[in-house]
Amino acid sequence: MKILAINPGSTSTKMAVFENDKPVFTLTLRHSVEDLEPFPKVIDQFDFRKHLILNALAENGIPFEFDAVIGRGGLLRPIPGGVYEVNDAMVADIRKVRRSHACNLGCLIARDLADELGCKAFIADPGVVDELDEVARVTGSPLMPRVTTWHALNQRAIGRRFAAMQTELHPEKPVKYEDLNLIICHLGGGISVGAHKNGKAVDVNNAFDGEGPFSPERAGTLPSGSLIDLCYSGRYTKDELKKRISGKAGLAAHLGSTHIPEIIERIENGDDYARLVLDAMIYQIAKHIAALTPVFHGKVDAILITGGIAHSDYVVSRLVERIDFIAPVHIFPGEDELEALAMNALGALNGDLEVQTYTQKKTSHITVEPQLN
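Attention in this report is confined to the structure presented alongside it. (Residues numbered from 1 in each chain as written. Predicted model: local features only at pLDDT ≥ 70, side-chain atom pairs only at ≥ 80, totals over all residues. Heavy atoms only, no water.)

**Things to note about the side chain of Gln45**
Part 1 of the argument: Structurally, Gln45 is set in the loop between α1 (33-36) and α2 (46-59).
Part 2 of the argument: Looking at Gln45, the relative accessible area reads 5%, which means it is buried.
Part 3 of the argument: Separated by 2.7 Å, the side chains of Gln45 and Arg49 make a polar contact. (Helix = DSSP H or I, 4+ residues; strand = E, 2+ residues; numbered from the N terminus. Buried < 20%, exposed > 50% of the residue type's maximum accessible area, 1.4 Å probe, protein only. Polar contact = N/O pair within 3.5 Å; in protein donor to acceptor, adjacent residues only side chain to side chain.)

Structure, rendered in structure tokens:
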């Protein structure tokens, strides 16, 4: 099977060609501010990015012949995890979402290319995957039930990778992701911590803009009374306050940097405040991991740490010493969303993974669509 995987980001478009499970071509197309300036809205970048992909294939001698095209999922309404064929309902919803992000282009480009090829177009495990237990949705205010925006694609891929590793170690007792109780933590610009119970993330924080540990770019959970006071203080506009939650928050707000190696260098040079803030982030991550243990009545098979920050010995060593009493901890530094996308497409083509149908119905009577400002 020949698969084209596409991952549009804010300033880049990553693409890869796979033959079955083997990558034969990968490329990151960088987009400067000047490149994107002519497009008032992210959705307007569709033709620009699509043609860059087609040009890259042609320039590298790769025939425009694929069995499937899979794109990064966008900010759709909440849906269960899995592989979805891009259909008219999905395209209609993604064109009218209120939250603007380059990931919204993934299904649109995949569908357009697949239509030209006469093959299938898929997405898999978008950030809006919602499999929360109903009890996990309820908050102290019926006006604000919990919603999730998290690193679903990478977390689920790491869960499957861990299960495959256990099977390789003990082939007499094959293990599936769906058999395990896992706490999986993605450490990146945002941080998401998920409770994966028998193949579903039944509790996970909203890593985008409202919950969990603070991160390099996000404020995480804040004191609600103080936040309301700040909103009515007259000191900031609504847009400025949004950036104080996501973007100019976390390490960026405290230290003016999101680059972990640079912050560690400052600590080594005697910056006590940098040490305090970074250690506080690690402390909060550990607290949120430990807070998920009641989901499994304490019976956790493993804790998996992934994402770019998992490359940092400083962060990982201090985090592990706070949580390894809960369950064995395994580290999977970085992420490979293109591989995760391709493996989902391959599973769909081979019949190993069920292809789900996207509808415009909500997944639960309690689930609400996030306020996508």
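**Remarks on the nonpolar core**
Part 1 of the argument: Judged by nonpolar contacts, the single largest core of 37 residues is most densely connected at Leu278, Ile289, Ile303 and Ile305.
Part 2 of the argument: If you list the elements that add at least two residues to this core, you get β7 (181-187), β8 (191-197), α9 (251-255), α10 (260-268), α11 (272-290), β10 (302-307) and α12 (313-323).
Part 3 of the argument: For this core, the leading source of residues is α11, giving eight residues.
Part 4 of the argument: If near-sequence neighbours (up to four positions away) are discounted, Ile303 is found in contact with Ile183, Ile289, Ile323, Ile326, Ala327, Pro328, Val329 and His330.
Part 5 of the argument: By size, the runner-up hydrophobic cluster in this structure holds 35 residues, among which are Val69, Tyr84, Ile94 and Leu108. (Core = buried A, V, L, I, M, F, W, Y, C linked by side-chain atoms within 4.5 Å. Contact = heavy atoms within 4.5 Å.)

**So, the environment of Ala16**
Part 1 of the argument: Note on placement: Ala16 falls in strand β2 (residues 12-19).
Part 2 of the argument: What makes Ala16 buried here is its relative accessible area of 0%.
Part 3 of the argument: Ala16 sits 218 residues away from Gly234 along the chain, and the two C-alpha atoms are 48 Å apart.
Part 4 of the argument: Ignoring sequence-local partners within four residues, the contact set of Ala16 consists of Ile3, Leu4, Ala5, Phe25, Thr26 and Leu338.

**Looking at the pairing of strand β9 (residues 200-204)**
Part 1 of the argument: Among the five residues that make up β9, four are buried, leaving the element largely enclosed by the rest of the structure.
Part 2 of the argument: Hairpin geometry of β8 and β9 is characterised by an intervening segment of two residues between the two adjacent antiparallel strands and by a positive phi of about 50° at Asn198. (Pairing = 2+ DSSP bridges.)

**Side note on the sheet that holds strand β4 (residues 68-72)**
Part 1 of the argument: Spatial strand order, β3-β2-β1-β4-β6-β5-β12: seven strands in an open sheet with mixed pairing. Both outer strands of the open sheet, β3 (22-30) and β12 (355-357), are each paired with one neighbouring strand and no more. Sheet twist, expressed as the mean angle between neighbouring strand axes with direction ignored, is 30°.
Part 2 of the argument: Relative to β4, strand β1 (residues 2-8) is paired through four bridges, and the arrangement is parallel. Opposite Ile6, over in β4, you have Gly71 as the bridge partner. (Axes fitted to C-alpha atoms, helices over the stretch in contact; angles between N-to-C directions.)

**Here's the deal with the pairing of β1**
As a general feature of sheets, a regular strand has side chains that alternate between the two faces.
Part 1 of the argument: Among the seven residues in β1, seven count as buried, and that is most of the element.
Part 2 of the argument: On β1, burial covers both faces: Lys2, Leu4, Ile6 and Pro8 on one face and Ile3, Ala5 and Asn7 on the other are all buried.
Part 3 of the argument: Of the strand pairs in this sheet, β1 and β2 are connected by seven bridges, and their pairing is antiparallel. Along β2, the bridge assignment pairs Pro8 with Thr13.
Part 4 of the argument: Between β1 and β2, which follow one another and run antiparallel, lie three residues.

**Examining α12**
Part 1 of the argument: Looking at α12, one finds that the buried residues are Tyr314, Val315, Val316, Leu319 and Ile323.
Part 2 of the argument: Tucked into the core, α12 has its buried residues touching β7, α10, α11, β10 and β11 (329-333).

**A word on the environment of Ile331**
Part 1 of the argument: By secondary structure assignment, the location of Ile331 is in strand β11.
Part 2 of the argument: Placed 299 residues apart in sequence, Ile331 and Ser32 show a C-alpha to C-alpha distance of 33 Å.
Part 3 of the argument: With near-sequence residues (within four places) excluded, Ile331 lies in contact with Ile305, Ala310, Val316 and Val320.

**Some words on the sheet that holds β8**
Part 1 of the argument: The sheet built from five strands is open, its strands ordered β9-β8-β7-β10-β11 with mixed pairing. The strands lining the two open edges of the sheet, one partner per strand, are β9 and β11. Along the sheet, successive strands turn relative to each other by an average axial angle of 25°, direction set aside.
Part 2 of the argument: Examined bridge by bridge, β10 and β11 share five bridges and lie parallel to one another. What sits directly across from Leu304, in β11, is His330.

**Remarks on the pattern of salt bridges**
Part 1 of the argument: Going through the model one piece at a time under the given rule, you end up with 15 salt bridges.
Part 2 of the argument: Linking Asp125 and Arg160 is a salt bridge whose minimum nitrogen-to-oxygen distance equals 4.0 Å. Of this pair, Asp125 sits in the loop between β6 (120-124) and α5 (134-137) while Arg160 sits in helix α6 (residues 152-169); the two residues are 35 residues apart in sequence, bridging distant segments of the chain.
Part 3 of the argument: Asp203 serves as the salt-bridge partner of Arg146, at 2.7 Å between the closest nitrogen and oxygen. Within this pair, whereas Arg146 is found in the loop between α5 and α6, its partner Asp203 is found in strand β9, the two being separated by 57 residues in sequence.
Part 4 of the argument: Its relative accessible area of 15% is what places Arg146 among the buried residues. (Salt bridge = Lys/Arg side-chain N within 4 Å of Asp/Glu carboxyl O.)

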